[in-house]
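One letter stands for each residue in the lines below.
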Amino acid sequence: MEHLDVAALRESYSGVGLHARDLAADPLTQFGSWFTDAVGAGLPEPNAMILSTVDADGRPSARTVLLKGYGPEGFRFFTNHRSRKARAIEADPRVALLFPWHPLRRQVIVEGVAERLSREESEEYFRTRPHGSQLGAWASEYQSAVVAHRDEVESRFAELATRWPDEVPMPDFWGGYRVLPASVEFWQGRTNRLHDRLRYRRAHPDEGVEWVIERLRP
């Protein structure tokens, strides 16, 4: 079988540059503008983001999760509290998020600290989930654990569907997290790999502002 020459795969970027003067004063407002662009461009699952964590032994891991809210308080997502990601967050709440909007030649990279949402906040979102997704949260009680056969999960799902044909209570082991950003980088692809990278970072007390915008070398 002939191997694909991976090193030869490349794409030239072109487009409008990114300038600090055009950015919003805070990163969440700027994120909202770019997120609207991503939705308007018809990107598949524009709210998909890569969540990176490090566990108690320093082992990194990453996975794709879905953004389920954002605002001045940060970025929200929901998961199983017994999952690998949740256990890592409990050991070290420092995380990173990456939104890879490749068709727009854009990325957003968030670094910050994750904290649990209240049960009330989690239940409010859980009630909006489709019935099957609510049952799915129960069917995979020990997310990330080894399972011998898929049949075990599907059998559990069928059992739960019979138990709760309508309203499904939220599991005690399920809920949301809020990522409080310490820095947010906006990355715009440019020609000759001279990409624009502008990062918001939380200002020091003596800087007199909440956020400082810095340009990073490409």
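In this text the structure is predicted, and so the values were computed from the model without any measurement.

Chemist: Explanation requested: the UniProt feature "domain: Pyridoxamine 5'-phosphate oxidase N-terminal" (unreviewed entry) in the chain in the structure shown.
Modeler: In the numbering used here, UniProt assigns the "domain: Pyridoxamine 5'-phosphate oxidase N-terminal" (unreviewed entry) feature to residues 35–161. Overall, residues 35–161 shows 34% helix and 34% strand. The separation of its end C-alpha atoms is 35 Å.

Chemist: Honestly, the pattern of salt bridges in this entry has me stumped. Any pointers?
Modeler: Side chains bearing opposite charge may pair, as long as their charged atoms lie close to each other. The final tally for this structure, using the stated rule, is 21 salt bridges. Residues arginine 190 and aspartate 196 are paired through a salt bridge, measuring 2.6 Å at the closest nitrogen-oxygen approach. Given a relative accessible area of 7%, aspartate 196 falls into the buried group. Two residues, aspartate 196 and arginine 215, come together in a salt bridge whose shortest N-O distance is 2.8 Å. Residue aspartate 196 is found in strand 8 (residues 196–202), and its partner arginine 215 is found in strand 9 (residues 211–215); the two are separated by 19 residues along the sequence. What emerges from the salt-bridge pattern is a single network uniting Arg199, Arg201, Glu207 and Glu214.

Chemist: How do you make sense of the UniProt feature "binding site: substrate" (unreviewed entry) in the chain when you look at a structure like this?
Modeler: Mapped onto this structure's residue numbering, the UniProt feature "binding site: substrate" (unreviewed entry) falls at Lys68, Tyr125, Arg129, Ser133, Arg193, Leu194 and His195. Considering the C-alpha atoms alone, the annotated residues occupy 128 residues of sequence and remain spread out, their largest mutual distance being 42.9 Å. The subset of the named residues that lines the largest pocket consists of Lys68, Tyr125, Arg129 and Ser133. Among the secondary structure elements, lysine 68 is positioned in the loop between strand 2 (60–66) and strand 3 (69–71). Residues within four places of lysine 68 in sequence aside, it is in contact with Asn47, Arg76, Phe78 and Tyr125. Counting through the fold element by element, arginine 193 comes out in the loop between strand 7 (174–188) and strand 8. Every residue in contact with arginine 193, bar those within four places of it in the chain, is listed here: Arg10, Glu11, Ser12, Tyr13 and Pro218. Within the local environment of arginine 193, its side chain forms a polar contact with the backbone oxygen of glutamate 11, the two atoms lying 3.0 Å apart.

Chemist: How should the pairing of strand 5 (residues 94–101) be read in this particular structure?
Modeler: Looking along a regular strand, one sees side chains alternate from face to face of the sheet. Judged by which residues are buried, strand 5 turns out to be one-sided: Val95, Leu97, Phe99 and Trp101 face inward and are buried, whereas Arg94, Ala96, Leu98 and Pro100, on the alternate face, are not. Taken together, the three bridges between strand 1 (residues 48–54) and strand 5 define a ladder with antiparallel strand orientation. Of the residues in strand 5, the one forming a bridge with isoleucine 50 is leucine 98. Note: strand 5 against strand 6 (residues 106–116), eight bridges, orientation antiparallel. By the bridge assignment, proline 100 is partnered in strand 6 with glutamine 107.

Chemist: What is the right way to look at the pairing of strand 8 in this model?
Modeler: The sheet contact formed by strand 7 and strand 8 spans six bridges and is antiparallel. Each residue of the ladder has a partner; that of valine 184, found in strand 8, is tyrosine 200.

Chemist: I tried to follow the nonpolar core on my own but got confused; where do I start?
Modeler: The nonpolar side chains of a soluble globular protein tend to be buried, and buried together. Phe31, Phe75, Phe99, Trp101 and Val108 are the most contacted members of the largest nonpolar core, which totals 31 residues. Among the elements of the structure, helix 1 (27–40), strand 1, strand 4 (74–80), helix 2 (84–91), strand 5, strand 6, strand 7 and strand 8 are those that each provide at least two residues to this core. In this structure, phenylalanine 31 is in contact with Leu67, Tyr70, Phe75, Phe99, Trp101, Val108 and Phe186, ignoring residues within four places of it in sequence. Counting 14 residues, the second largest nonpolar core, distinct from the first, contains Phe78, Ala137, Ala139 and Val168.

Chemist: How should the side chain of glutamine 134 be read in this particular structure?
Modeler: Secondary-structure assignment places glutamine 134 in helix 4 (residues 131–139). By relative accessible area, glutamine 134 is classed as buried at 7%. Not counting chain neighbours up to four residues away, the residues in contact with glutamine 134 comprise Phe126, Arg127, Arg129 and Val168.

Chemist: Would you mind going over the side chain of asparagine 47 with me for this structure?
Modeler: Along the polypeptide, asparagine 47 turns up in the loop between helix 1 and strand 1. Not counting chain neighbours up to four residues away, the residues in contact with asparagine 47 comprise Phe35, Val65, Leu66, Leu67, Lys68 and Phe99.

Chemist: What's the story with the environment of glycine 15 in this structure? I'm lost.
Modeler: Among the secondary structure elements, glycine 15 is positioned in the segment before helix 1. Note on glycine 15: relative accessible area 46%, which makes it partly exposed. Along the backbone, glycine 15 and valine 65 are 50 residues apart, and their C-alpha atoms lie at a distance of 29 Å.

Rules behind the numbers
Here the residue numbering is sequential within each chain, running from 1 through the sequence in written order. Since the coordinates come from a predicted model, pLDDT governs what is reported: local features require at least 70, and pairs of side-chain atoms require 80 or more to be given and counted, while whole-chain, interface and lining totals use all residues. Side-chain figures throughout are based on the complete set of non-hydrogen atoms in the structure, without hydrogens or water. UniProt positions are given in the numbering used here, feature names are shortened, and annotations may be inferred rather than shown by experiment. Here a strand is any run of E in DSSP of at least two residues, a helix any run of H or I of at least four, and the numbering for each starts at the N terminus. Each reported salt bridge corresponds to a side-chain nitrogen of Lys or Arg within 4 Å of a carboxyl oxygen of Asp or Glu. Any residue under 20% of the maximum accessible area for its type is buried, any over 50% is exposed, and the rest in between are partly exposed; the area is computed with a 1.4 Å probe on protein chains only. Think of a 1 Å grid over the protein atoms and nothing else: a 1.4 Å probe that fits but is trapped marks a cavity, an open set flanked by protein within 12 Å on at least five of seven lines marks a pocket, and residues with an atom within 4 Å of a point count as lining. Between two residues, a contact is recorded if the distance between any of their heavy atoms is within 4.5 Å. Pairs of N or O atoms within 3.5 Å make up the polar contacts considered here, provided that, within protein, one atom can donate a hydrogen while the other can accept it, and that residues adjacent in sequence are counted only when both atoms are side-chain atoms. Strand pairing is assigned whenever DSSP detects at least two bridges linking the two strands. Put simply, a nonpolar core is a bunch of buried Ala, Val, Leu, Ile, Met, Phe, Trp, Tyr and Cys residues held in one set by side-chain atoms that sit within 4.5 Å of each other.

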